[in-house]
Amino acid sequence: MFDEILGLPAHPLIVHFAVVLTPLLVVVALAYALVPRWRPSTAWAVVLLSLAAPAAVFVARQSGESLKEARFGEVEGEMAARISAHEGFALPLLLSVLGLGASALLLVYASRPARASLSGDRFGRPVTIVLAALTIVLAAVAASYVFQAGDSGARAVWS
């Protein structure tokens, strides 16, 4: 399923979605967490990216496994080490983007006013502050892993 797209290896094509959507999620989630006055105008982007970025990373990971099995299963030496290093970032990246997406979605939900009142956070300010802090930490982790995964993949191909 994740092997080829129009006769080309799928991974180099699919990975661009993850490389674009993950940093976008990081930036928008940080803006949402750090600048409360921007929340009404950025909530929709946080929700969409919180769903799309983890899906893109999952598909990129699956297509990478397919590519490795199909084309690099018998590779040894330095190339195998570079591929292994790149592959080692896949699961941490997926988990960090899933965590960021979940915390950002919870932050959007918690920071929305309750139906009964049009002001104030749904669960109170302390909960919103904790979720904002968690979102900031997970954004930093996801940004680090997406950079490391992309860098190691580029080095595996171009070195």
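Everything in this summary refers to the structure shown in the same document. (Residues numbered from 1 in each chain as written. Predicted model: local features only at pLDDT ≥ 70, side-chain atom pairs only at ≥ 80, totals over all residues. Heavy atoms only, no water.)

Glancing now at unusual backbone geometry. The backbone phi angle of Leu6 is positive, close to 55°, even though this residue is not glycine. Tracing the backbone shows Leu6 in the loop between strand 1 (4–5) and strand 2 (8–9). (Helix = DSSP H or I, 4+ residues; strand = E, 2+ residues; numbered from the N terminus.)

So, about the packing of helix 2 (residues 39–71) against helix 4 (residues 90–111). Look at helix 2 against helix 4: their axes get within 9 Å of each other, and the N-to-C directions meet at 160°. The angle between the axes of helix 2 and helix 4 places the two elements in the roughly antiparallel class. With respect to the hand of their crossing, helix 2 and helix 4 are arranged in left-handed fashion. Here Arg39, Ala43, Val46, Val47, Ser50, Leu51, Ala53, Pro54, Val57, Phe58 and Arg61 of helix 2 lie close against helix 4, whose contacting residues are Ala90, Leu91, Leu93, Leu94, Val97, Leu98, Gly101, Ala104, Leu105, Val108 and Ser111. Classifying every residue of the contact of helix 2 with helix 4 by side-chain character gives 17 nonpolar, three polar and two charged. (Axes fitted to C-alpha atoms, helices over the stretch in contact; angles between N-to-C directions. Parallel < 35°, antiparallel > 145°, perpendicular 65-115°, else oblique. Left-handed = near helix turned anticlockwise from the far one by under 90°. Contact = heavy atoms within 4.5 Å. Nonpolar A, V, L, I, M, F, W, Y, C, P; charged D, E, K, R; others polar.)

Looking at the secondary structure, you find Gly101 in helix 4. Between the alpha carbons of Gly101 and Leu49 there is a distance of 7.6 Å; along the sequence they are 52 residues apart. Residues contacting Gly101, with those up to four places away along its chain left out, are Leu25 and Ser50.

It is the contact of helix 1 (residues 10–34) with helix 2, at a shortest axis distance of 7 Å, that shows an interaxial angle of 150°. Between helix 1 and helix 2, the angle falls in the class roughly antiparallel. The handedness of the crossing between helix 1 and helix 2 comes out as left-handed.

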